[in-house]
Amino acid sequence: APSAEKMRRLDRELRRIVDSQRTTPEDDQKRQNLLARFDTMLQRKFAGVTLQPFGSFVSVFHTAGSDVDVSLEVSPNSNWYDPREMGPGAVNAAVGGGRGGRKRRAQTP
């Protein structure tokens, strides 16, 4: 078994590594501001399309050098919505008007 001194050195080194990767509240705020700016620009140009972050930033497991994962979500009520891009089940749901989507004529790909 490792000696108590080796375990203390390992503990110090691991804590140093974790601390060096930790983000600051300022870094997190910058990321939030950037996401808000992108979302605002997107809404201005493409009504009904929103930016949704996901991944480590949302789950708070991100580090100082992590990227921010985002997806673009298109509201079924948006002019940009195309149920064909959502798969076969979505076409039937959109045509039937279920779940708040606009009634559309079925389109074939």
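Right, let's walk through the structure included here. Within every chain, residues take consecutive numbers counted from 1 along the sequence as written. Reporting in this predicted model follows two pLDDT cut-offs: at least 70 for local features of residues, and 80 or more for side-chain atom pairs to be given and counted; totals over whole chains, interfaces and linings ignore these cut-offs and use all residues. As a rule here, side-chain values cover all heavy atoms of the structure and leave hydrogens and water aside.

Runs of H or I in DSSP of at least four residues are treated as helices and runs of E of at least two as strands, each being numbered from the N terminus. Regarding its fold elements, the protein presents four helices and two strands. When each of the 109 residues of the protein is scored for burial, the buried share is 16%. Any two residues having at least one pair of non-hydrogen atoms within 4.5 Å are treated as being in contact. Pairs at least 24 apart in sequence give 41% of the contacts found in the protein among residues at least 6 apart. Accessible surface is estimated by sampling points in the Shrake-Rupley manner with a 1.4 Å probe; for residues, cover comes only from the protein chains shown. Counting only carbon and sulfur atoms, one obtains 56% of the accessible surface of the protein, whose full area is about 8500 Å². The buried label goes to any residue with under 20% of its type's maximum accessible area, the exposed label to any with over 50%, and the partly exposed label to all in between, with areas taken from a 1.4 Å probe on protein chains only.

Moving on, we come to the packing of aromatic side chains. Each Phe, Tyr or Trp ring, with Trp reduced to its six-membered ring, pairs with another whose centre is within 6.5 Å; inter-plane angles below 30 degrees give stacked pairs, above 60 give edge-to-face pairs, and intermediate values give tilted ones. Scanning the model with the defined rule gives one aromatic pair in all. Measuring from ring centre to ring centre gives 4.9 Å for Phe 46 and Trp 80, while their planes differ by 75°; the resulting arrangement is edge-to-face. Of the two residues, Phe 46 sits in the loop between helix 2 (25-45) and strand 1 (49-54) while Trp 80 sits in the loop between strand 2 (69-74) and helix 4 (88-96), which places them 34 residues apart along the sequence.

Once that is clear, we can look at the side chain of His 62. On the secondary structure map, His 62 appears in the loop between helix 3 (56-59) and strand 2. For His 62, a relative accessible area of 10% puts it in the buried group. Polar contacts, as used here, are pairs of N or O atoms within 3.5 Å; protein pairs need one atom able to donate a hydrogen and one able to accept it. Residues neighboring in sequence count only if both atoms are side-chain atoms. Looking at His 62, its side chain comes within polar contact range of the side chain of Asp 28, at 2.8 Å. The residues contacting His 62, other than those within four sequence positions of it, are Thr 23, Asp 28, Arg 31, Ser 56 and Phe 57.

Turning next to a nonpolar patch on the surface. Note that patches include only residues with greater than 30% relative accessible area and no salt bridge, and the join distances are 9 Å for like charges and 5 Å for nonpolar side chains (Val, Leu, Ile, Met, Phe, Trp, Tyr). For salt bridges, the criterion is a side-chain nitrogen of Lys or Arg within 4 Å of an Asp or Glu carboxyl oxygen. Taken together, Met 7, Leu 10, Leu 14 and Ile 17 make up a surface patch of nonpolar side chains, about 350 Å² in accessible area. Structurally, the position occupied by Met 7 is in helix 1 (residues 4-21).

Our focus in this paragraph is the nonpolar core. It is characteristic of soluble globular proteins that their nonpolar side chains tend to be buried jointly. Grouped together as the largest cluster of nonpolar side chains are five residues: Leu 35, Leu 42, Val 49, Leu 51 and Phe 57. When contributions to this core are tallied by element, the ones reaching two or more residues are helix 2 and strand 1. Not counting residues up to four positions away in its chain, the partners in contact with Phe 57 are Asp 28, Arg 31, Gln 32, Leu 35, His 62 and Val 68. In plain words, nonpolar cores are sets of buried Ala, Val, Leu, Ile, Met, Phe, Trp, Tyr and Cys residues tied together by side-chain atoms within 4.5 Å.

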